[in-house]
Every structure is written in C-alpha cells, then in structure tokens.
Amino acid sequence: MGYYDDHYQQDPKKRKRSSWLVPVLLGIIIGILLVTVALPAVEDSSIFSNKQANENGISQQPDQNAGSGDITNMKVNISSQITDIVGDVSPAVVGVSNYQNQSNFWEQDKKASEAATGSGVIYKEDGKYAYVVTNYHVIEDADQIGVVLNDDTDLDAKLLGGDLFSDLAVLRIDKKPVKKIIELGTSKNIKVGEPVIAIGNPLGLQFAGSVTQGIISGKLRTVPQDFNNDGRPDWQAEVIQTDAAINPGNSGGALINMKGQLIGINSMKINEEAVEGIGFSIPIDTAKPVMDELEKTGKVVRPYLGLELYSLDDVPKEELHRSLKLPGNIDKGVYVWSVETFSPADKAGIKRLDVITALDGKEITDMIALRRILFQEKKVGDKVKVTYYRDGKKHETTVTLGEQK
C-alpha cells in the first residue's frame, strides 16, 4: 500500500527538534536552582566573615603588594578626647564616707558606722596636705570622715569647715598617696550646649569613678532649698544645669569641661518620675571663695540682723490687715516674729510684728530676697537702711550688721 499515515509516523524535523529541547530545559532548571540555593549561601558566608572581622576590631583591605585575592588584617585605634580627659582627671575624684557614732545599749563603747557616702575632688596641695571639696550634706553630722582614692587607698580626713547655704565643705588629707590635683577652670564663660563630663560615685563606692557625659543645659539657674523641711524654701541656690547623669552618691563630684578643668561641684538632681536628665552643679566661680574661706577659717562669715523672720506669703490675706495692720497695697515683705536681745536689729529699735519691705531701698519680697541681699551684697559692719511698717505706718531705721554665729 503506498499511502502515508501521519497518525502513526512523525515528521523527521519534529523528531530532531525534540531531541535537543529536553536537555536545554533541564540545563535552565538546574541553573536556576544553583543561583537560588548556592549563591546566597556563599554570600552569607562572606558577610559573616566580614562581620566577625569588624566585631573583632579588624578591617579587611586588599594588600597593595599582593594579588587581588589576598587580604590583610589591620587593628583600629579607638581613642578620643573624652577618654584622655577621664584618664587624666579621674585620680583627682575621690569617694567620701560619713561615719556616725551609734550607741549600743548593751555596750558602753560607741561604734562608728557609715551613714552616708558621696564624692569629692582634690583641688589643692601644700607641703604636707591635700585638700578635698565636697558637699556639706555629704558630711553633715559626721563623727568621722573617710576618703577613698581612685586606687582604693583609704585615708582619714579632717573637716576644716562646712557651710549649709552654699552646700560646700572642705576636707584635709595626707598628701603622700595623692597622685592628681585637678585644675580649676571658670564657670563664667560656659555656654549652653557646651559638652561636659561628670565624674563621681553614684549609689555608693562600689561604682566609684563612674563617668557620664552631657551638655550644659542652662546656666545661672536658681533652685529653692528647704533646709528645715517645713515646706518653705529657705534659700535659692544658683547652679549650672546639666543633662549629664547625676545620681545619689555623685554629690560632691566633679563637672569637667573639655579642657579637663573643674567648672562645677555636682550637687543635686530633680528626683521625680516625670523628670529625666536634669542635674545641678555649683559653679566653680561661686564655690572658690567659699572654699578659700572654709579652708582658712572653718566657716563662712555672713552678716545678720538678729531677727526671726517669715515671708508675708505665709500669712493669710485677712491677717495682713487685721493683725499686722498693713495698708491695702502692701502684700510683699517679711514680718518679725521675734527679736534677739542686744542684736543689731534690737539696738536699731525693730520690734515683733514689724514688717520689713526694703533694705537700702531694694524691695524685699520674701525671706530669700532678704538673705540674698545680706549674704551676697553686704558685709559684717555695713550700715543698712531698713524700711518697715508698724501699726500701718511706714518707718525707717539704720542697722549696723553683726556677724552670724
């Protein structure tokens, strides 16, 4: 039979095309699998190798004298101005321990136990001694005071003097083991935003020499202080504000500028849950005259009137006119609660329930304003014109300031 049946017999050209199509497709599939599976594994291995090298402080770079496939290891030198400053200054920052005697009912001997800890800064030396500045509240009521140096050397310290209002105290220690005296800078030219370093012993001596970094957040801030815990401020401290962390135990530590100079004595922080990064430091320009006076005389000599005074803000409005008999336009000042016998105010004729409204013509709005004028602008022996009201009438007298005991 001579006919051609295409149902059973394929065309020769089609048989040739199908013979090479299958291998090509297999090759493409295998290639895709290799790219998808093998290449990421190779890249991950390379990345991991580089990452591990970087974490070990090693930089991988081609060797200029070697082939393109060779690499060399190079160490990175990690150093900065801050680490240099801290390394230089830290030996001048010390721990301060406040020991107080506690009586035992069964034993007659009194034993001193550590009541508080803080920080201090070695700022001066002479032939035999070195001198440490700290906060008054760190050593308040201490029977013994200890100083721990940067190298853990324990020393006994002598309290030369302390001052409540400035919150400063000066200690004297043996000079022999001291390795560093800090350089005093100035707080006069500090700028907001300027970087600073705080060094101290937060939360006790176990964290001695802790370092925090921040900036000057504000200068010439005033912070009210209540010394007798009666809820009324007794003084306004003028301080530097910083966001460098200052915690309990940092008190008395150093605030350092980028020259490694002492520009402030760390004093306090605002301890509220809603507040973060607000700490305060006593400016060195304010502290230095007090330090000198405490070192030489053991106290800060301030003028006084001899009066027990309270702000009119503490008096109910109706009492201003009924008891004190003040004119309707007078609602600021301080009233006299008591007068010390033979005191400067007593000799000038000031009496109980008089209301003082001005000193030398400067308005007195409250107790803080009066103390600021007396403590910062006047000296013992100065004559001061006092303006006051008695029984609703305005009077003036001159007081010769005495010495506060």
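Residues numbered from 1 in each chain as written. Predicted model: local features only at pLDDT ≥ 70, side-chain atom pairs only at ≥ 80, totals over all residues. Heavy atoms only, no water.

### Some points on the overall build of the protein chain
Part 1 of the reasoning: When helices and strands are counted, the protein chain shows 7 helices and 23 strands.
Part 2 of the reasoning: The buried share of the protein chain, taken over its 405 residues, is 37%.
Part 3 of the reasoning: The long-range fraction of contacts in the protein chain, counting pairs at least 24 apart against all pairs at least 6 apart in sequence, stands at 60%.
Part 4 of the reasoning: Summed over its atoms, the accessible surface of the protein chain is roughly 24,100 Å², and 50% of this surface lies on carbon and sulfur atoms. (Helix = DSSP H or I, 4+ residues; strand = E, 2+ residues; numbered from the N terminus. Buried < 20%, exposed > 50% of the residue type's maximum accessible area, 1.4 Å probe, protein only. Contact = heavy atoms within 4.5 Å. Areas by Shrake-Rupley, 256 points an atom, 1.4 Å probe, with all protein chains shown as cover.)

### Side note on the nonpolar core
For soluble globular proteins, the rule of thumb is that nonpolar side chains tend to be buried together.
Part 1 of the reasoning: Among the nonpolar cores identified, the biggest contains 26 residues, and Leu-168, Ile-182, Ile-256 and Leu-262 are the most heavily contacted of them.
Part 2 of the reasoning: Within the residue set of this core, elements represented by two or more residues are α2 (81–89), β4 (107–125), β5 (129–134), β8 (168–174), β10 (195–200), β13 (254–256), β14 (261–269) and α4 (284–297).
Part 3 of the reasoning: A total of 5 residues in this core trace back to one element, the largest contributor, which is α4.
Part 4 of the reasoning: Every residue in contact with Ile-256, bar those within four places of it in the chain, is listed here: Ile-85, Val-89, Ile-182, Val-196, Ile-197, Ile-199, Gln-261, Leu-262 and Ile-263.
Part 5 of the reasoning: By size, the runner-up hydrophobic cluster in this structure holds 23 residues, among which are Val-334, Leu-370, Ile-373 and Val-386. (Core = buried A, V, L, I, M, F, W, Y, C linked by side-chain atoms within 4.5 Å.)

### Some details on unusual backbone geometry
Part 1 of the reasoning: The phi dihedral of Asp-167 is positive, around 60 degrees, even though this residue is not glycine.
Part 2 of the reasoning: Inspection of the secondary structure assignment puts Asp-167 in the loop between β7 (154–163) and β8.
Part 3 of the reasoning: By relative accessible area, which is 7% here, Asp-167 ends up buried.

### Focus: helix α7 (residues 367–377)
Part 1 of the reasoning: Most of α7 sits out of view: 8 of its 11 residues are buried.
Part 2 of the reasoning: Those residues of α7 that are buried lie in contact with β12 (235–242), β16 (303–304), β17 (307–311), β18 (334–339), β19 (355–359) and β20 (362–363).
Part 3 of the reasoning: N-capping of α7 is provided by Asp-366, with a side-chain oxygen placed 3.3 Å from the backbone N of Ile-368. (Polar contact = N/O pair within 3.5 Å; in protein donor to acceptor, adjacent residues only side chain to side chain.)

### Structural notes on the environment of Ile-265
Part 1 of the reasoning: Along the polypeptide, Ile-265 turns up in strand β14.
Part 2 of the reasoning: Given the relative accessible area of 0%, Ile-265 is considered buried.
Part 3 of the reasoning: Note: C-alpha distance between Ile-265 and Val-239 (26 residues apart in sequence) is 9.5 Å.
Part 4 of the reasoning: Discounting chain neighbours no more than four positions away, the residues touching Ile-265 are Val-133, Asn-135, Leu-168, Gly-252, Gly-253, Ser-281, Ile-282 and Ala-287.

### A short note on the confidence of the model for the protein chain
Part 1 of the reasoning: For the protein chain, the mean per-residue pLDDT works out to 80, and 73% of the residues sit at or above 70.
Part 2 of the reasoning: No element of the protein chain has a lower mean pLDDT than strand β1 (residues 58–62), at 39, and none a higher one than β5, at 97.
Part 3 of the reasoning: Note that pLDDT drops below 50 for residues 1–18; the model gives that stretch 3 contacts with residues more than four away or on any other chain.
Part 4 of the reasoning: Confidence drops under a pLDDT of 50 for residues 45–72, and excluding neighbours within four residues, the segment shows 22 contacts in the predicted structure. (pLDDT = per-residue confidence, 0-100.)

### Considering the packing of aromatic side chains
Part 1 of the reasoning: Enumeration according to the criterion identifies 4 aromatic pairs in this entry.
Part 2 of the reasoning: A centroid spacing of 5.7 Å and a plane angle of 45 degrees characterise the contact between Trp-235 and Phe-375, whose relative ring orientation is tilted. Taken together, the positions of Trp-235 in strand β12 and Phe-375 in helix α7 put the pair 140 residues apart, joining distant regions of the chain.
Part 3 of the reasoning: Among the aromatic side chains, those forming a connected cluster through ring pairs are Phe-165, Trp-235 and Phe-375.
Part 4 of the reasoning: We note Lys-124 situated over the ring of Tyr-131; from NZ or CZ to the ring centre the distance is 5.6 Å.
Part 5 of the reasoning: Over the face of the ring belonging to Phe-375 we find Arg-302, whose NZ or CZ atom lies 5.2 Å from the ring centre. (Phe/Tyr/Trp six-rings, centres within 6.5 Å; stacked < 30°, edge-to-face > 60°. Lys NZ or Arg CZ within 6 Å of the ring centre and 35° of its normal.)

### Description of the side chain of Ser-97
Part 1 of the reasoning: Residue placement: Ser-97 occurs in strand β3 (residues 93–104).
Part 2 of the reasoning: Polar contacts involving the side chain of Ser-97 include one to the side chain of Glu-114, which spans 3.0 Å.

### Observations concerning the pairing of β10
Consecutive side chains along a regular strand alternate between the two faces of the sheet.
Part 1 of the reasoning: With 5 of 6 residues buried, β10 is to be regarded as a mostly interior element.
Part 2 of the reasoning: For β10 and strand β11 (residues 210–225), the ladder comprises 6 bridges, and the chain directions are antiparallel. Residue pairing for β11: Val-196 is matched across the bridge by Gly-214.
Part 3 of the reasoning: Note: β10 against β13, 3 bridges, orientation antiparallel. Each residue of the ladder has a partner; that of Ile-197, found in β13, is Ile-256. (Pairing = 2+ DSSP bridges.)

### Examining the pattern of salt bridges
Part 1 of the reasoning: Under the defined criterion, the tally for this structure stands at 13 salt bridges.
Part 2 of the reasoning: Among the ionic pairs, Asp-354 bridges to Arg-390, the shortest N-O distance being 2.8 Å. Of this pair, Asp-354 sits in the loop between α6 (344–347) and β19 while Arg-390 sits in strand β21 (residues 383–390), and the two are 36 residues apart along the sequence.
Part 3 of the reasoning: Arg-390 sits in the partly exposed class, given a relative accessible area of 22%. (Salt bridge = Lys/Arg side-chain N within 4 Å of Asp/Glu carboxyl O.)

### Focus on the environment of Ile-182
Part 1 of the reasoning: Turning to its location among the elements, Ile-182 is positioned in the loop between β8 and β9 (183–184).
Part 2 of the reasoning: Note: C-alpha distance between Ile-182 and Ser-90 (92 residues apart in sequence) is 9.0 Å.
Part 3 of the reasoning: Discounting residues that sit within four places of it in the chain, Ile-182 has contacts with Val-89, Ala-92, Val-121, Ile-122, Tyr-123, Ala-254, Ile-256, Gly-260 and Leu-262.

### A closer look at the pairing of β17
Part 1 of the reasoning: Here β17 shows a buried face lined by Leu-307, Leu-309 and Ser-311 and an unburied face lined by Glu-308 and Tyr-310.
Part 2 of the reasoning: The sheet contact formed by β17 and β18 spans 5 bridges and is antiparallel. Its bridge partner lying in β18, Ser-311 is registered against Val-334.

### Quick notes on α2
Part 1 of the reasoning: Where α2 is concerned, the buried positions are Ile-85, Val-86 and Val-89. Looking down the long axis of α2, one finds its buried residues gathered within 95 degrees of arc, a one-sided arrangement. (Arc of directions from axis to C-beta.)

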